[in-house]
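Commentary on secondary and tertiary structure
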Amino acid sequence: MQEYQIKRGYTKQFADSMVQSLRDQFETEPAVSADGHYTISYGALLRLEVWSGESGKTLVVDTEADKNADDETIIDTNRRFRNYLQQVTGYTAKERAKKAKKMVD
C-alpha cells in the first residue's frame, strides 16, 4: 500500500478525478465498494484499489501484480499507472519520488 500527496489546487476535484482518471487511463469502469474504495483489474495488475486518504489530501493505492504478465503488458500497465498518478496528484514521477524521500528522512 502506498500513499501519495495531492498537489494544491488538485484537491477540489480530487474525488471525481480519482475515479474519472481510472476510466481515462485504464479504459475500464471501476467497481466501487461501500467504504469508497474503487477497484479495477488491468494488464499486469490483478487488482488496483484506490481511495481517498484522511482529510481528502492524499491518494491511497493498493495493488496486486500478475507475476506471469509478459514484458509488453508490464510496460504498458506501468505507463498507464504513472499517468494515472500524475493526472490525479498533479505531481510527476520525479516529484513524487522527491516527496517520498522527504517523508522518509
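Residues numbered from 1 in each chain as written. Predicted model: local features only at pLDDT ≥ 70, side-chain atom pairs only at ≥ 80, totals over all residues. Heavy atoms only, no water.

As named in an unreviewed UniProt entry, the chain is DUF5611 domain-containing protein, taken from Methanoculleus bourgensis.

Comments concerning the sheet that holds strand 3 (residues 38-42)
Hydrogen bonding along the main chain pairs the strands of a sheet, whether they run parallel or antiparallel. The strand order 1-5-4-3-2 describes an open sheet built from 5 strands, whose pairing is antiparallel. Only two strands of the sheet have a single neighbouring strand rather than two, namely strand 1 (2-5) and strand 2 (31-32). Strand contacts of helix 1 (residues 14-26): strand 3, strand 4 (45-52) and strand 5 (58-65), with the helix running at about 160 degrees to strand 4, the strand carrying the most contacts. With respect to the sheet, helix 2 (residues 71-89) is in contact with strand 1, strand 3, strand 4 and strand 5, its orientation differing from that of strand 5 by roughly 170 degrees. (Pairing = 2+ DSSP bridges. Helix = DSSP H or I, 4+ residues; strand = E, 2+ residues; numbered from the N terminus. Contact = heavy atoms within 4.5 Å. Axes fitted to C-alpha atoms, helices over the stretch in contact; angles between N-to-C directions.)

Some thoughts on the pairing of strand 5
Bridge count between strand 1 and strand 5: 4 bridges; the pairing is antiparallel. Its bridge partner being in strand 5, Gln 5 is matched across the sheet by Thr 58. Across 7 bridges, the pairing between strand 4 and strand 5 is antiparallel. Looking at the pairing, Leu 48 lines up with Thr 63 of strand 5. Remark: 5 residues form the turn of the hairpin made by strand 4 and strand 5, two consecutive strands paired antiparallel; Ser 55 in that turn has positive phi of roughly 65 degrees.

Details of the environment of Val 104
If you trace the backbone, Val 104 turns up in helix 3 (residues 93-104). In sequence terms Val 104 and Ile 74 are 30 residues apart; their C-alpha atoms lie 28 Å from each other.

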